[in-house]
2 protein chains.
Amino acid sequence: MLKVPDHQVAGHRQARDGKPSPLIDDAGRFYKPLQDDDRGSKEVAFYSSFSSNTRVPDHVRRLFPVFHGTQLIEASDGSGLRPHLVLEDVVSSRSHPSVMDIKIGSRTWYPEASEDYIQRCFKKDRETSSLSLGFRISGLQIYGNEESRLWKPENKLVQNLSAADVKVVLKKFVSSNFPDDPNSDPDCSFAASVYGGSTGILAQLLELKAWFEDQTMYHLNSCSVLMVYEKEKVLKGERSDAEVKLIDFAHVTEGKGIIDHNFLGGLCSVIKFISEILTSPDECTTKVCLQDSDKNTNDSENCTTEGM
Amino acid sequence: MLKVPDHQVAGHRQARDGKPSPLIDDAGRFYKPLQDDDRGSKEVAFYSSFSSNTRVPDHVRRLFPVFHGTQLIEASDGSGLRPHLVLEDVVSSRSHPSVMDIKIGSRTWYPEASEDYIQRCFKKDRETSSLSLGFRISGLQIYGNEESRLWKPENKLVQNLSAADVKVVLKKFVSSNFPDDPNSDPDCSFAASVYGGSTGILAQLLELKAWFEDQTMYHLNSCSVLMVYEKEKVLKGERSDAEVKLIDFAHVTEGKGIIDHNFLGGLCSVIKFISEILTSPDECTTKVCLQDSDKNTNDSENCTTEGM
């Protein structure tokens with residue numbers, strides 16, 4: 001029995017513009033319809049290569065959804081049989097997952113793409129936080145402590161956040177107070193168990209980072225990091241099931257002996273934000289000023305370094 | 001007594017288009033004429049801020065030229081008194097330095113720049129290796145073992161190298177055989193003493209990397225890493241004086257709480273190339289293929305992972 005999943009947070013994973021949505025079964029599999037243009041076949045090519053690539057270490061492989069091949073099934077919109085990627089269902093099998101989809105990289109285009117695609121991405125990267133932060137939040141949902149309450153802001157509202165606002169959203173993600181309450185600051189009470197610890201999100205992101213410093217096989221253009229956990233488990237004092245998974249590989253290109261410096265830089269930026277929440281939840285931003293000056297070092301008193 | 005230095009390898013440090021060249025004295029100082037537009041005052045602002053910034057650790061500070069303020073001196077082209085940055089002379093005081101100037105970052109522009117500047121940089125980043133490698137070689141000179149022989153290719157010839165060619169140039173930089181000899185492969189005989197070791201270039205780049213993973217004060221747009229050493233010292237069995245210095249800060253912007261993910265990504269790419277030369281000088285590139293395919297995992301035999 002296939003059904004449309006409940007917990008899709010990013011636009012490209014939802015049904016729209018007459019395109020069928022993904023489906024899930026009750027055995028933990030996620031069926032993603034192949035996109036009509038070459039993106040579908042590119043994503044299959046990536047999963048085929050990656051799943052059979054013996055150079056990918058196990059601790060990295062588990063950060064990617066398991067690939068079960070492709071399958072012809074009835075599309076969710078009734079348009080008939082259609083090939084679907086069959087993947088591990090990362091999110092939908094959980095009952096009340098808090099989910100964040102972060103598209104990594106200050107640049108979502110790549111040299112091999114068409115000029116039209118490059119220009120569209122170039123524009124969007126500048127209009128969103130991708131250029132400044134090295135990533136953009138593509139979508140999110142956060143459950144309150146009562147499972148009935150869900151905060152799921154419009155994707156457009158979270159794509160272009162400032163550094164300060166991204167930090168607030170990343171705090172809300174791990175806080176016990178309800179995220180859309182404007183009168184209470186996020187309390188970060190789940191930060192240590194979700195972001196921290198030897199199996200937490202930061203540890204998983206650091207494993208990913210170490211791999212990206214070394215691997216020159218794949219460039220994961222326009223790919224997302226999904227962060228998932230369930231509040232009720234943390235509230236019950238159970239071991240956090242916080243998980244990082246990479247998704248969306250329709251624009252992967254061959255690395256050709258070069259590291260994916262664009263992905264790595266953006267990933268390090270996410271890591272820095274999360275590290276700061278863990279180490280100094282009360283914020284301490286170092287400010288410098290770079291005033292125009294053609295005088296000598298004595299001007300340096302105009303430029304201060306301060307904790308806030 | 002001021003004179004024009006001998007060892008300028010990158011275009012923007014040479015006299016041209018009627019602009020005066022830098023000068024050096026015999027006390028180890030380098031005088032860089034302030035550029036007329038706001039680049040001159042921006043570079044002074046950066047040096048003023050950086051030199052008085054107590055949050056910069058000493059092991060990072062030594063990777064930047066010492067700043068001695070600004071001074072009005074007679075320009076090298078006889079055009080009269082002109083303000084100059086007074087800096088530590090990193091290169092010219094050495095007798096036969098091999099030098100490489102690597103402009104770091106896949107993107108040399110930044111959001112605060114003018115649209116015209118952005119478009120010019122965007123075009124140049126795509127035309128050079130900046131986009132693909134995350135850096136471009138802006139200039140280099142390599143001495144042969146006989147001090148009279150110097151290889152100094154045109155800057156245009158080294159700005160757009162492939163991954164394979166960059167690796168060859170980085171090998172030539174630390175080889176005893178003369179670099180413009182097409183009949184001999186670079187022997188990498190100085191690699192261990194120049195790139196390797198606890199005080200070598202790789203160790204210095206790794207210190208820089210650790211700082212860039214953390215610091216959110218400065219974004220070093222369009223800045224270069226200079227690598228310098230003298231072959232004769234290594235040949236004599238003396239301790240390698242290999243040195244890394246960052247230069248060219250006319251486009252630095254405030255970090256505003258965000259790491260410089262563009263610089264960091266490019267730096268990691270340089271580090272990967274140099275690490276590979278140290279660990280596997282005989283090359284071993286992992287290749288993958290990403291063929292279009294809309295079939296299932298059984299196609300994975302088309303995609304091989306192989307050592308070459």
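Residues numbered from 1 in each chain as written. Chains lettered and ligands numbered in written order. Predicted model: local features only at pLDDT ≥ 70, side-chain atom pairs only at ≥ 80, totals over all residues. Heavy atoms only, no water.

**Quick look at the overall build of chain A**
Applicable threshold: Strands are runs of DSSP state E lasting at least 2 residues, helices are runs of H or I lasting at least 4, and numbering of each runs from the N terminus. Residue exposure (1.4 Å probe, protein chains only): buried if accessible area is under 20% of the type maximum, exposed if over 50%, otherwise partly exposed.
Within chain A, the secondary structure is distributed over 10 helices and 11 strands. Among the 308 residues that make up chain A, the fraction classed as buried is 59%.

**Let's talk about the nonpolar core**
In plain terms, the rule: To define a nonpolar core, start from buried Ala, Val, Leu, Ile, Met, Phe, Trp, Tyr and Cys residues and group those joined through side-chain atoms within 4.5 Å.
If you look at the biggest cluster of nonpolar residues, it comprises 138 residues, and the most contacted ones within it are Y195 and L220 of chain A together with Y195 and L220 of chain B. Within the second largest apolar cluster, 16 residues are counted, among which are Y110 and L131 of chain A together with W109 and A113 of chain B.

**Considerations on the sheet that holds strand β6 (residues 135–143) of chain A**
Residues and elements named next belong to chain A. For clarity, the threshold we go by: DSSP-based pairing: two strands are paired if at least 2 bridges between them are found.
The strand order across the open sheet formed by 5 strands is β7-β6-β5-β9-β10, and the pairing between neighbours is antiparallel. Of all the strands in the sheet, just β7 (150–151) and β10 (243–247) have a single pairing partner and so form its edges. Judged from the 6 bridges that link them, strand β5 (residues 97–104) and β6 form a sheet pairing that is antiparallel. Considered in β6, the bridge of I104 is made with F135.

**Section: the sheet that holds strand β2 (residues 29–33) of chain A**
In sheet architecture, strand pairing relies on hydrogen bonds along the backbone and comes in two forms, parallel and antiparallel. Residue and element names in this part refer to chain A. In space, the 4 strands of this open sheet follow the order β1-β2-β4-β3, with antiparallel pairing throughout. Either end of the sheet is taken by a strand with one partner, and the two such strands are β1 (23–24) and β3 (67–74). Bridge count for β1 against β2 is 2 bridges, and the pairing is antiparallel. In the sheet register, I24 faces β2, and the bridge partner there is F30.

**A short note on the side chain of K272 of chain B**
Let me state the cut-off plainly: It only takes one pair of heavy atoms within 4.5 Å for two residues to be counted as in contact.
Note on placement: K272 of chain B falls in helix α10 (residues 261–279). When near neighbours in sequence (up to four residues on either side) are disregarded, K272 of chain B contacts E213, D214, T216 and I259 of chain A.

**Here's the deal with the environment of R61 of chain A**
Residues and elements named next belong to chain A. Counted only if it meets this: Nitrogen and oxygen atoms within 3.5 Å of one another constitute a polar contact, given that in protein one can donate a hydrogen and the other can accept it, and given that sequence-neighbouring residues count only through two side-chain atoms.
Among the secondary structure elements, R61 is positioned in helix α2 (residues 58–61). Separated by 10 residues in sequence, R61 and S51 place their C-alpha atoms 8.3 Å apart. Residues within four places of R61 in sequence aside, it is in contact with F50, S51, N53 and V56. In terms of polar contacts, R61 uses its side chain to reach the backbone carbonyl oxygen of F50, at 3.0 Å. At 2.7 Å, the side chain of R61 and the backbone oxygen of N53 are in polar contact.

**Some details on the packing of aromatic side chains**
All names here are of chain B. Stated formally: The pairing test for Phe, Tyr and Trp rings, Trp by its six-membered ring, is centres within 6.5 Å, and the orientation test on the planes gives stacked under 30 degrees, edge-to-face over 60, and tilted for anything in between.
According to the stated counting rule, one finds 37 aromatic pairs over all chains in the structure shown. Consider the rings of W211 and F212, whose centres lie 5.4 Å apart with planes at 80 degrees: the pair is edge-to-face. Overall, the relative accessible area of 8% leaves W211 in the buried class. Note on F212: relative accessible area 0%, which makes it buried.

**Structural notes on the packing of helix α8 (residues 201–212) of chain B against α10 of chain B**
All names here are of chain B. Which entries qualify depends on this criterion: The angle between two axes is taken between their N-to-C directions and runs from 0 to 180 degrees, where each axis is a line fitted to C-alpha atoms and a helix contributes only its stretch in contact. The cut-offs work like this: below 35 degrees is roughly parallel, past 145 is roughly antiparallel, 65 to 115 is roughly perpendicular, and the gaps in between are oblique. Should the near helix be turned anticlockwise from the far one by less than a right angle, the crossing is termed left-handed; should it be turned clockwise, right-handed. Think of it as three bins: nonpolar holds Ala, Val, Leu, Ile, Met, Phe, Trp, Tyr, Cys and Pro, charged holds Asp, Glu, Lys and Arg, and polar takes everything else, Gly as well.
Closest axis-to-axis distance for the α8/α10 pair is 10 Å, and the angle between their directions is 155 degrees. Between α8 and α10, the angle falls in the class roughly antiparallel. Seen from above, α8 lies across α10 with left-handed handedness. Packed against α8, whose contacting residues are I201, L202, L205, L206, L208, K209 and F212, the element α10 presents F263, L264, L267, C268, V270, I271, I274, S275 and L278 at the interface. The residue makeup of the contact of α8 with α10, split by class, is 14 nonpolar, 1 polar and 1 charged.

**Digging into the confidence of the model for chain A**
Filter applied, for reference: What pLDDT conveys is the predictor's confidence in a given residue, as a value from 0 to 100.
Mean pLDDT over chain A stands at 88; residues scoring 70 or higher make up 88%. Across residues 292–308 of chain A the pLDDT falls below 50, and counting only partners more than four positions away or on other chains, this stretch makes 47 contacts in the model.

**Focus: empty space enclosed by the protein**
Heads up, the condition is: Here a cavity denotes a set of grid points, spaced 1 Å apart and computed over the protein atoms alone, in which a 1.4 Å probe fits but from which it cannot get out, and a pocket denotes an open set meeting protein on both sides within 12 Å along at least five of seven lines; residues with an atom within 4 Å of a point are reported as lining. Grid points are joined across faces, edges and corners, and a volume is the space filled by probe spheres set on the points.
One pass over the full model with this rule turns up 9 cavities of 30 Å³ or more. What the largest cavity holds in volume is close to 170 Å³. If you go around the largest cavity, you meet 16 residues; those closest to its centre are R107, W109 and F122 of chain A together with R107 and W109 of chain B. Counting only elements with at least two residues in the lining of the largest cavity, the list comes to α3 (115–127) of chain A together with α3 (115–127) of chain B. Taken together, the residues that form the lining of the largest cavity break down as 6 nonpolar, 4 polar and 6 charged.

**What to know about α3 of chain B**
The cut-off we apply is this: Expected span of a helix, by definition, is 1.5 Å for each gap between consecutive residues, and there is one gap fewer than residues. Starting at the helix axis, one direction is taken to each C-beta atom, and the arc is that of these directions.
For α3 of chain B, built from 13 residues, the straight-helix expectation of 18 Å at 1.5 Å per residue is met to within 8% by its first-to-last C-alpha distance of 18 Å. Residues of α3 of chain B that are buried: Y117, I118, C121, F122 and D125 of chain B. Projected onto a plane normal to the axis of α3 of chain B, the buried residues spread over an arc of 130 degrees and lie on a single side. Facing away from the buried surface of α3 of chain B by more than 90 degrees, the exposed residues are D116, R120 and K123 of chain B. The secondary structure elements touched by the buried residues of α3 of chain B are α3 of chain A together with α4 (130–133) and β6 (135–143) of chain B.

**Some words on the pairing of β3 of chain A**
Here β3 of chain A runs beside strand β4 (residues 81–88) of chain A; their pairing, made up of 6 bridges, is antiparallel. Looking across to β4 of chain A, one finds that L72 of chain A is bridged to P83 of chain A.

**Observations concerning the environment of K167 of chain B**
Residues and elements named next belong to chain B. Relative to the helices and strands, K167 is located in helix α6 (residues 163–172). According to the relative accessible area criterion, K167 is buried, its value standing at 8%. Between the alpha carbons of K167 and G139 there is a distance of 15 Å; along the sequence they are 28 residues apart.

**Description of the pattern of salt bridges**
Residues and elements named next belong to chain A. Operational definition: By definition, a salt bridge exists where a carboxyl oxygen of Asp or Glu is found within 4 Å of a side-chain nitrogen of Lys or Arg.
Going through the model one piece at a time under the given rule, you end up with 38 salt bridges over all chains. With a closest N to O distance of 3.3 Å, D36 and R82 form a salt bridge. You can see D36 sitting in the loop between β2 and α1 (38–51) and its partner R82 sitting in strand β4, a full 46 residues away along the chain. Look at D36 and you get exposed, because its relative accessible area is 70%. Via salt bridges that share partners, E88, R94, K233, D241, E243 and K245 belong to a single interconnected network.

**Notes on the environment of K152 of chain A**
Residue and element names in this part refer to chain A. Structurally, the position occupied by K152 is in the loop between β7 and α5 (155–158). The spacing of K152 and L290 is 138 residues in sequence and 39 Å in space, taken between C-alpha atoms. Ignoring any residue separated from it by four or fewer positions in sequence, one finds K152 in contact with D6, Q8, V9, L140 and Q141.

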